[in-house]
Each structure stands twice: as C-alpha cells, then as structure tokens.
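Listed below, chain by chain, are the residues.
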Amino acid sequence: MQPNAEASQRIARISAHLHPSGLQMEESSMLRAANCRAKGGAPGFKVAILGAAGGIGQPLALLMKMNPLVSVLHLYDVVNTPGVTADIGHMDTSAVVRGFLGQPQLESALTGMDLVIIPAGVPRKPGMTRDDLFNINAGIVRTLCEGISKCCPNAIVNLISNPVNSTVPIAAEVFKKAGTYDPKRLLGVTMLDVVRANTFVAEVLGLDPREVSVPVVGGHSGVTILPLLSQVKPPCSFTPQETEYLTNRIQNGGTEVVEAKAGTGSATLSMAYAAVKFADACLRGLRGDAGVVECAFVASQVTELPFFASKVRLGRGGAEEVYQLGPLNEYERDGLDKAKKELAGSIQKGISFIRK
Ligand SMILES: NC(=O)C1=CN([C@@H]2O[C@H](COP(=O)(O)OP(=O)(O)OC[C@H]3O[C@@H](n4cnc5c(N)ncnc54)[C@H](O)[C@@H]3O)[C@@H](O)[C@H]2O)C=CC1
Ligand SMILES: O=C([O-])CC(=O)C(=O)O
C-alpha cells in the first residue's frame, strides 16, 4: 500500500473511534478498537468504576489507569464522565478507557467486567453521621447492584459508598433477589481504616508507615471501627493512654477529614489511595497470587452477625477465606461488644430496605 493511503486509512480508523465527548459511540466499533489495542498491551482485567466523576472516583480512575493489571477501565457516572474520560484517556499507560454517562449506559458500562468499584453517592458534611447518608445512597447502591446482577454477575464488587455497614447488606439482598449472590464476591471497602491505623500507629512508634500493619475489624463507622492494637506488626506495646488516643483517632479519622474540609466533602484522596490498594489486592487474588490478605467487610461467621470486617484471603473467587479475630485483650473485647451492638442495627436496616 502507498504510504499516503496507509496513513489516511489509519486516520480514518482512529477517528471512527473518537468522539469529542470521549464517550462510547458505536458499541461494536469501540469494542473492536479496544480488543485490538488490548491485544497489543499487557493482558489484564476489566474494571468498572461507578461514580467515576466524583471526589473519590476521579483520583481512583487516575490510579487504576496506572495499574498494569488493568486492561480495560470503564468510567460510569450520572454526570461529567465525558471530561474525566477524555482526560484520563490521554495517559500513556496500557489500560483502554471508556466513558459511560447516565442510567441508559449503565449496562454497557458493566458488561464483561471482572471487578466493579462503587464510590457512587453523597458524602458527609460536618455534623452528619454516615448513617445520615442512608436515605440517598441506599437507592443508588440498589440500582447499581441490579445492573451488576444483570450484566456481570460474576464480577468482584468493591463497595465504598456509605454507610458501608448498611450498603453491603443492601447489595447482598439485591443479589439474592436476582439469584446471583456469591458472598465471596461482595466486599465492603474498609481499607481506609487500615491505612489510617498504619499511619497513626507508625507516628506513635516513630516508624515508617510502610513497615506497620494494623488489623482493623468490625465495620466502617464510629465504634464499629475496631483497631486490634494488640496484633500490630511489628510486635509492640502501647500504654493505656496511647491505646485510647490511637483507637479514638482511627475511629474518628473520617470525621477529622470531614471537619477539616468544612462542608466541601469527606476523604477523597486517601480513599482513592486505599481503594486502589484494595482493588489491586483483589486483582492479584483473581490472577491467582498466593497469600493476598487484607481486611474487608464481608459475609462472615466470625461473630454471630451476618457481616463483619476482618482479614480475608483474596483469591480467584474473591474472599476465599475469612479469618478469625485472634486473641483480643480486655480493651478490645469491650470494643467488640460495642461494635457488634451498633453493627447489628445497621445491618438490619440495610436488609429491611430491600425486603420491606
Ligand atoms: N468506604 C470508605 O472508607 C469511604 C466511603 N466514602 C463514601 O464514598 C461515597 C462517595 O464519596 P465522594 O466521591 O467524596 O462523593 P462525591 O459527591 O464527590 O462523588 C460521588 C459521585 O457519585 C455520583 N453518583 C451519584 N448518583 C449516582 C448514580 N446513581 N450512579 C452513578 N454515580 C452516581 C455523583 O455524580 C458523583 O460524581 C460517599 O458515600 C462517601 O461517604 C468516602 C470516603 C471513605
Ligand atoms: O467519614 C466519611 O464520611 C467518609 C468515610 O467513610 C471515611 O473517611 O472514612
């Protein structure tokens, strides 16, 4: 072929797939383009972010576009995905990025996904509890999970939207109703509690936070966030004052950010970091890596409650093993009682929202 003819064919091929909105235009040609590009790039997983234009969604999309385990990245929101998709799509990393705007495009966004990350929903303002978000976010999570049941029932779901203690039970009920529920594949993201715990404990110990590992169990709100300071690695001990200070700071880390942001939202950047740390662990599990263990809020038999956050082993099927809590000291046993009381109500509230 003449060089000129080849060049114009290439340009025609590229412009057939481009649209100023950055959004999906013609499904089959976009898929062909993506498949073609994905073949050239590293093999990887297909990941969707629902709520991708939000405070968490945008930095999360940025970081997932940088993750070499991701071959296709779908960005869905009810607003602003054209801009976010066009912007992220210019990054010279291998993942193919596609944008989807509004409910009519939800099913296209979800079809074929291996992992769906959900940071959709409203955030807190000062003076609010996470439970105050229930009325709006419960309905959003229900709609998105109905889409998952229909279009990618085998995907791993990472649920970030608050109140996590209730939205995870909501998602489980939606999946049960649709006959697609696999408890191993539904994970409430509590990684930010672990990230904060590692940071604050490292500060007290004078260590690099990357060397510190703190299990945080229970749930993701106030007293349900239970750091197990007796199980910190590397092994160490704390005075009662240090224990009190660390437990309070970890439990109120979200509120600390909400107050500092003074009405403009809650944690977004540290959450995006934590979400990517967790999603990457899920993808490594899906790939078959051994020994991938993180804390998450999952269906559980560790306590008498149907859901509880604890360490889980991530594998090809999701949370393949849910670990027991291990030995607790008296302070932690007290904390566990308080956590369970509050969690029971939040879980029931989520279940009743769907069963009502
Ligand atoms: N699990 C955790 O550790 C954390 C959870 N969160 C929660 O994450 C959620 C999102 O927080 P931000 O990103 O700061 O809020 P944001 O308001 O900045 O972004 C939320 C995004 O969700 C989108 N959205 C709303 N309804 C939607 C729907 N039906 N479908 C798809 N997208 C929809 C909005 O358009 C917006 O772009 C909040 O509920 C917040 O409480 C926040 C921090 C930590
Ligand atoms: O506090 C909030 O509302 C957001 C959140 O869940 C966190 O930062 O842990």
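Scoring rules and cut-offs
- Sequence order as written defines the numbering, with residues in each chain counted from 1.
- Whichever chain is written first becomes A and whichever ligand is written first becomes 1, with later ones labelled in order.
- With pLDDT at 70 or above as the cut-off, local features in this predicted model cover only qualifying residues; side-chain atom pairs require 80 or more to be listed or tallied, and sums for whole chains, interfaces and linings still use all residues.
- Neither water nor hydrogens contribute to the side-chain values; these are computed over all heavy atoms in the structure.
- UniProt positions are given in the numbering used here, feature names are shortened, and annotations may be inferred rather than shown by experiment.
- Numbering of helices and strands runs from the N terminus; a helix is a DSSP stretch of H or I covering at least four residues, while a strand is a stretch of E covering at least two.
- Any two residues having at least one pair of non-hydrogen atoms within 4.5 Å are treated as being in contact.
- Each polar contact in these results corresponds to two N or O atoms within 3.5 Å; when the atoms are within protein, one needs to be able to donate a hydrogen and the other to accept it, and residues that are neighboring in sequence are counted only if both atoms are side-chain atoms.
- Note on definitions. A residue lies near a molecule or strand when any single heavy atom of the residue is within 4 Å of it.
- For accessible areas, the Shrake-Rupley method is used with a probe of radius 1.4 Å. Any residue's cover is judged against the shown protein chains and nothing else.
- For this classification, the nonpolar set comprises Ala, Val, Leu, Ile, Met, Phe, Trp, Tyr, Cys and Pro, the charged set comprises Asp, Glu, Lys and Arg, and every other residue, Gly included, is treated as polar.
- Only the six-membered ring of Trp is used, alongside the rings of Phe and Tyr, when aromatic pairs are assigned; centres must lie within 6.5 Å, and planes under 30 degrees apart are stacked while those over 60 apart are edge-to-face, with the rest tilted.
- Three exposure classes are used, based on accessible area relative to the maximum for each residue type with a 1.4 Å probe and protein chains only: buried under 20%, partly exposed in between, and exposed over 50%.
- Comment: the charge-over-ring label is applied if NZ (Lys) or CZ (Arg) is within 6 Å of the ring centre and within 35 degrees of the ring normal.
- Buried residues of nine kinds, namely Ala, Val, Leu, Ile, Met, Phe, Trp, Tyr and Cys, make up a nonpolar core once their side-chain atoms join them within 4.5 Å.
- Here the arc refers to the directions that run from the helix axis out to each C-beta atom.
- Whether two strands pair comes down to DSSP finding at least two bridges between them.
- With the strands pointing away from the viewer, any crossover whose connection runs clockwise from the first strand over the helix to the second is right-handed.
- Any carboxyl oxygen of Asp or Glu that lies within 4 Å of a side-chain nitrogen of Lys or Arg is treated as forming a salt bridge with it.

Per an unreviewed UniProt entry, the chain carries the name Malate dehydrogenase and comes from Dillenia turbinata. Per UniProt, the chain carries the Catalytic activity (unreviewed entry) text "(S)-malate + NAD(+) = oxaloacetate + NADH + H(+)". In UniProt, the chain has this text filed under Subunit (unreviewed entry): "Homodimer."

*Asks:* Would you mind going over the UniProt feature "domain: Lactate/malate dehydrogenase C-terminal" (unreviewed entry) in the chain with me for this structure?
*Replies:* The positions UniProt marks with the feature "domain: Lactate/malate dehydrogenase C-terminal" (unreviewed entry) are residues 190–353. What you have in residues 190–353 is 48% helix and 16% strand, and the ends, taken at the C-alpha atoms, are 22 Å apart.

*Asks:* When you look at the UniProt feature "active site" (unreviewed entry) in the chain in this model, what are you seeing that I'm missing?
*Replies:* In this numbering, the UniProt entry assigns the feature "active site" (unreviewed entry) to His 220. Turning to its location among the elements, His 220 is positioned in the loop between strand S7 (216–218) and strand S8 (225–227). Non-local contacts of His 220, meaning those with residues more than four positions away in its chain, are made with Arg 130, Asn 162, Val 164, Asn 165, Thr 190, Asp 193 and Ile 225. A polar atom in the side chain of His 220 sits 2.7 Å from the side chain of Asp 193.

*Asks:* Is there a simple way to think about the site of ligand 2 in this case?
*Replies:* In the vicinity of ligand 2, the residues found are Arg 124, Arg 130, Asn 162, Leu 192, Arg 196, His 220, Gly 254, Ser 266 and Ala 267. Asn 162 has a polar side-chain atom sitting 2.8 Å from an oxygen atom of ligand 2. Contacts to ligand 2 include Arg 196, whose side-chain N or O atom sits 2.7 Å from an oxygen atom. Burial of ligand 2 by the protein amounts to 95% of the accessible area it has alone, namely 260 Å². Across the shell around ligand 2, the residue classes break down as two nonpolar, four polar and three charged.

*Asks:* I keep staring at the site of ligand 1 and nothing clicks. Help me out?
*Replies:* Taken together, 29 residues lie around ligand 1, and Gly 55, Ile 56, Asp 77, Val 122 and Asn 162 are the ones closest in. Gly 54 places a main-chain nitrogen or oxygen 3.2 Å from an oxygen atom of ligand 1. Side-chain polar atom of Asp 77 to an oxygen atom of ligand 1: 2.6 Å apart, as the coordinates give it. Of all the secondary-structure elements, those providing two or more residues to the shell around ligand 1 are strand S2 (70–77) and helix H6 (134–151). When residues in the shell around ligand 1 are grouped by element, the largest group, three residues, is from H6. Along the lines of polarity and charge, the residues of the shell around ligand 1 split into 18 nonpolar, ten polar and one charged.

*Asks:* What exactly am I supposed to notice about the packing of aromatic side chains here?
*Replies:* The description of two aromatic rings rests on the distance between their centres and on the angle between their planes. Here the structure, examined in full by the defined rule, presents two aromatic pairs. Seen in terms of ring centroids, Phe 134 and Phe 353 are 5.6 Å apart; in terms of plane orientation they differ by 90 degrees. Their pairing is edge-to-face. Placement of Phe 134 in helix H6 and of Phe 353 in helix H12 (residues 330–355) is noted, with a sequence separation of 219 residues between them. Accessibility expressed as a relative area gives 5% for Phe 134, which makes it buried. Sitting over the ring of Phe 200, Arg 249 keeps its end group 3.9 Å from the ring centre. A cation over a ring is seen here: Lys 349 above Phe 134, with NZ or CZ 4.6 Å from the ring centre.

*Asks:* Can you walk me through the nonpolar core in this structure?
*Replies:* What tends to happen in soluble globular proteins is that the nonpolar side chains get buried as a cluster. Core analysis: the largest hydrophobic core is formed by 47 residues, its most contacted members being Leu 50, Val 116 and Ile 118. Contributing elements (two or more residues each) for this core: strand S1 (45–50), helix H5 (106–110), strand S4 (115–118), H6, strand S5 (156–159), helix H7 (164–178), strand S10 (307–315) and H12. With near-sequence residues (within four places) excluded, Leu 50 lies in contact with Tyr 76, Leu 106, Leu 110, Val 116, Ile 117, Ile 118, Pro 119, Ala 120 and Leu 144.

*Asks:* Even after reading the chapter, I still don't get helix H3 (residues 57–65), so can you show me in this structure?
*Replies:* The α-helix advances 3.6 residues per turn, and as a result positions three or four apart in sequence lie on the same side. What H3 keeps buried is the set Gly 57, Pro 59, Leu 60, Ala 61, Met 64 and Lys 65. Lining the buried residues of H3 we find S1, S2, helix H4 (81–89), strand S3 (96–101), S4 and helix H11 (269–287).

*Asks:* Would you take a moment to explain helix H10 (residues 253–261) for this structure?
*Replies:* Among all positions in H10, only Gly 253, Gly 254 and Val 258 are buried. Take H10 and look down its axis: the buried residues cluster within an arc of 140 degrees, on one side only. In H10, the exposed positions that point more than 90 degrees away from the buried face belong to Glu 259 and Ala 260. For H10, the elements touching its buried residues are helix H8 (191–205) and helix H9 (240–251).

*Asks:* Honestly, the pairing of S3 in this entry has me stumped. Any pointers?
*Replies:* Of all six residues in S3, five are buried, a share of seventy percent or more. With six bridges connecting them, S2 and S3 associate as parallel partners. Within the sheet, the bridge partner assigned to Val 72 lies in S3 and is Val 96. Taken together, S2, H4 and S3 form a β-α-β motif whose crossover is right-handed.

*Asks:* Help me understand the pattern of salt bridges in this model?
*Replies:* Side chains that differ in sign of charge can pair as their charged atoms come close. Under the definition given, this model contains 14 salt bridges. Here Lys 349 makes a salt bridge to Asp 131, at a shortest N to O gap of 2.9 Å. Within this pair, whereas Lys 349 is found in helix H12, its partner Asp 131 is found in the loop between S4 and H6, the two being separated by 218 residues in sequence. Note on Asp 131: relative accessible area 32%, which makes it partly exposed. Among the salt bridges present, the one from Glu 173 reaches Arg 355, with a minimum N-O distance of 2.9 Å. With Glu 173 in helix H7 and Arg 355 in helix H12, the pair connects residues that are 182 residues apart, well separated along the chain. On the basis of relative accessibility, which here comes to 6%, the residue Glu 173 falls in the buried class. For Arg 355, a relative accessible area of 57% puts it in the exposed group.

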